[in-house]
Amino acid sequence: KRHKFWETQPVGQFKDLGDPSLPEGPIEPPTPLLEVKQEPYNLPNLYEWITCDMNSEDMCSEVYNLLTNNYVEDDENMFRFNYSKEFLRWALHPPGYFTSWHIGVRVKSSKKLVAFITGVPARIRARDTVVNMAEINFLCVHKKLRSKRLAPVMIKEVTRRVHLENIWQAAYTAGVVIPTPISTCQYWHRSLNPKKLIDVGFSRLGARMTMSRTIKLYKLPDSTSTPGFRKMEPHDIPAVTRLLRDYLSQFLVAPDFDENDIEHWLLPREDVVESFLVESPETHEITDFCSFYTLPSSILGNQNYSTLKAAYSYYNVSTKTPLLQLMNDALIVAKRKDYDVFNALDVMQNEGFLKELKFGPGDGKLHYYLYNYRLNHVMRPSELGLVLL
Ligand SMILES: CCCCCCCCCCCCCC(=O)CSCCNC(=O)CCNC(=O)[C@H](O)C(C)(C)COP(=O)(O)OP(=O)(O)OC[C@H]1O[C@@H](n2cnc3c(N)ncnc32)[C@H](O)[C@@H]1OP(=O)(O)O
Ligand SMILES: CCOC(=O)c1cnc2ccc(OC)cc2c1SCCC#N
């Protein structure tokens, strides 16, 4: 397949896959800052760039509306991600964020927002090297402006603005295959509200299964089972940071979280991110951790339902409590909070609980990418310790 844009970019190219002579690490050296293009890339005449301050209620609403109507849909157009405004502000305002990396495109005449792309800074470790990267997300072009090669311009502009901050690598995921995935993961789904998932057409009644038998199959207890299982609180930040850093050190690619990062990404936020830990009743040691983020989806073309309430497994660590038991408690909490489904990728050690806890494999794949950083090893999902929103 010809990738006219991606073949021009410093990313692993399909033709290079077998070539072990190419060294791992940056593909291109940094450009001297004074030589980085100072002015924005040219857009087609009708359009103009806009920097999106997500702390502005109006701007955040415009971004929310663009994504609600034009962001990612599954292959059968059954769902479309419906990130909330609170979630977007959380996702785009981690420690050290740059408003200039939150980029929109407006129609000059109508001022209508028709495209968006974002970056946030992140320290990512690849093998033994910690690299300052940009995590790129929320690339969206209005449905009416597709297939006009706008995406490459969006990507070049966010690249330019990241370069201006002396950052030369990026990490991103996509459902599409472009040069060149560092890993390909699979989504798994655990029904919490099987009746709704069957009504919307996502799940089907199993052979020789009645609805009431299916509801019973997925039934969960009302209360969690692990002694000392509780919500994470601010005073837990140092212990959770230690626990997660130790745990993530086993993976080939993983975030290099410090306490500030943990405070932002893992302290519970209503309807955005939930995190729990196990504090040993005897020793008061924090031995385990689990978390999930809240990403609803619009249900497209169904008379009875408009929104799917989905929880997405985030970072989980088990050192004392069996991972199965820890994640079953996460399912119990999610069910109690009225989620319809609990989703998880087969990354990290998730394969160890997916089948046992009645997750079913999805038909969607998620490909992970690095920009301007070569890894000569296509990773198995279990070697990957990174979850992007
Ligand atoms: C040092 C810092 C570096 C920072 C930058 C790092 C890189 C960041 C990269 C971005 C990471 C984003 C991560 C992220 O946000 C998470 S993945 C979610 C992406 N968004 C959606 O799927 C929303 C619905 N779709 C759309 O809005 C459009 O279809 C988009 C805008 C996706 C493409 O608009 P379009 O109207 O359908 O297409 P054209 O404008 O005509 O352009 C066609 C070209 O775009 C390539 N394409 C298509 N989808 C892509 C995708 N998801 N990543 C990368 N490239 C993608 C495609 O291969 C082709 O190039 P090629 O001819 O070479 O094959
Ligand atoms: C019921 C299981 O499917 C989903 O939760 C879901 C919801 N909304 C989406 C919106 C866009 C979309 O585009 C790929 C997929 C979904 C999916 S399946 C893949 C995500 C997970 N897990």
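Model, not experiment: these values are computed from the prediction.

Remarks on the pattern of salt bridges
- According to the stated counting rule, one finds 26 salt bridges in the structure shown.
- Across the pair Arg 89 and Glu 57 runs a salt bridge, and its minimum N-O distance is 3.5 Å. Residue Arg 89 is found in helix α2 (residues 85-92), and its partner Glu 57 is found in helix α1 (residues 57-70); the two are separated by 32 residues along the sequence.
- On the accessibility criterion, Glu 57 (42% relative accessible area) is partly exposed.
- Taking the shortest distance from any N to any O, the salt bridge between Glu 157 and Arg 160 comes out at 2.8 Å. Of this pair, Glu 157 and Arg 160 are both found in helix α3 (residues 150-164), three residues apart, which corresponds to roughly one turn of the helix. Each member of the pair, Glu 157 together with Arg 160, is buried.
- Here the salt bridges do not stand alone but share partners, grouping Arg 123, Arg 245, Asp 256, Asp 258 and Asp 261 into one network.

Regarding α2
- Burial analysis of α2 places six of its eight residues in the buried class, the great majority of the element.
- Turning to α2, its buried residues are Phe 87, Leu 88, Arg 89, Trp 90, Ala 91 and Leu 92.

Considerations on the packing of helix α6 (residues 237-248) against helix α7 (residues 259-266)
- One way to put it is that α6 packs onto α7 with a least axis distance of 9 Å and a crossing angle of 100°. As far as their axial angle goes, α7 and α6 are roughly perpendicular. Contact residues: Ile 237, Pro 238, Val 240, Thr 241 and Leu 244 in α6; Glu 259, Ile 262, Glu 263 and Leu 266 in α7.
- By residue class, the composition of the contact of α6 with α7 is six nonpolar, one polar and two charged.

Brief notes about the environment of Gly 96
- Locating Gly 96 in the fold gives a position in the loop between α2 and β3 (102-107).
- Gly 96 sits in the exposed class, given a relative accessible area of 52%.
- Spatially, the C-alpha atoms of Gly 96 and Asn 260 are 10.0 Å apart, while their sequence positions differ by 164 residues.

A closer look at the site of ligand 1
- Taken together, the neighbourhood of ligand 1 is formed by 33 residues, with His 3, Trp 6, Leu 139, Ser 147 and Ala 151 sitting nearest.
- Considered on its own, ligand 1 offers 1200 Å² of accessible surface; in the complex 89% of this is hidden by protein.
- Secondary structure elements with two or more residues in the shell around ligand 1: β5 (129-141), α3 and β6 (169-174).
- Counting residues per element, the shell around ligand 1 draws most heavily on α3, at seven residues.

Notes on the site of ligand 2
- Close contacts around ligand 2 come from 13 residues, with Glu 73, Tyr 187, His 189, Ser 297 and Asn 343 the closest.
- Between ligand 2 and Glu 73, the relevant distance is 3.2 Å, taken from an oxygen atom to a main-chain nitrogen or oxygen of the residue.
- Taking Asn 343, its side chain carries an N or O atom lying 2.9 Å from an oxygen atom of ligand 2.
- For ligand 2, the protein covers 90% of the area, taking 500 Å² as the surface of the free molecule.
- Within the residue set of the shell around ligand 2, elements represented by two or more residues are β2 (79-81), β7 (183-191) and β16 (341-345).
- Split by residue class, the shell around ligand 2 holds eight nonpolar, three polar and two charged.

Some words on the sheet that holds strand β13 (residues 307-308)
- In space, the three strands of this open sheet follow the order β2-β12-β13, with antiparallel pairing throughout. Looking at the sheet topology across the chains shown, the edges are occupied by β2 and β13.
- With three bridges joining them, β2 and strand β12 (residues 297-299) adopt antiparallel strand pairing. Its bridge partner being in β12, Arg 80 is matched across the sheet by Ser 298.

Focus: α1
- With 14 residues, α1 ought to run about 20 Å at 1.5 Å a step, and its terminal C-alpha atoms sit 20 Å apart, in line with that.
- Among the residues of α1, Met 59, Cys 60, Ser 61, Val 63, Leu 66, Leu 67, Thr 68 and Asn 70 are the ones counted as buried.
- Structurally, α1 contributes buried residues whose contacts are with β1 (47-51), β2, α2, β3, β4 (113-126) and β5.

Quick notes on the side chain of Thr 118
- Along the chain, the position of Thr 118 falls in strand β4.
- Here the side chain of Thr 118 touches Asn 137 through a polar contact of 2.8 Å, landing on its backbone oxygen.
- Once residues lying within four places of it in the same chain are set aside, the contact partners of Thr 118 are Leu 92, Trp 101, His 102, Glu 135, Ile 136, Asn 137, Phe 138 and Val 158.

What counts, and at which threshold
Residues numbered from 1 in each chain as written. Chains lettered and ligands numbered in written order. Predicted model: local features only at pLDDT ≥ 70, side-chain atom pairs only at ≥ 80, totals over all residues. Heavy atoms only, no water. Salt bridge = Lys/Arg side-chain N within 4 Å of Asp/Glu carboxyl O. Helix = DSSP H or I, 4+ residues; strand = E, 2+ residues; numbered from the N terminus. Buried < 20%, exposed > 50% of the residue type's maximum accessible area, 1.4 Å probe, protein only. Axes fitted to C-alpha atoms, helices over the stretch in contact; angles between N-to-C directions. Parallel < 35°, antiparallel > 145°, perpendicular 65-115°, else oblique. Contact = heavy atoms within 4.5 Å. Nonpolar A, V, L, I, M, F, W, Y, C, P; charged D, E, K, R; others polar. Near = heavy atom within 4 Å. Areas by Shrake-Rupley, 256 points an atom, 1.4 Å probe, with all protein chains shown as cover. Polar contact = N/O pair within 3.5 Å; in protein donor to acceptor, adjacent residues only side chain to side chain. Pairing = 2+ DSSP bridges. Expected span 1.5 Å × (residues − 1).

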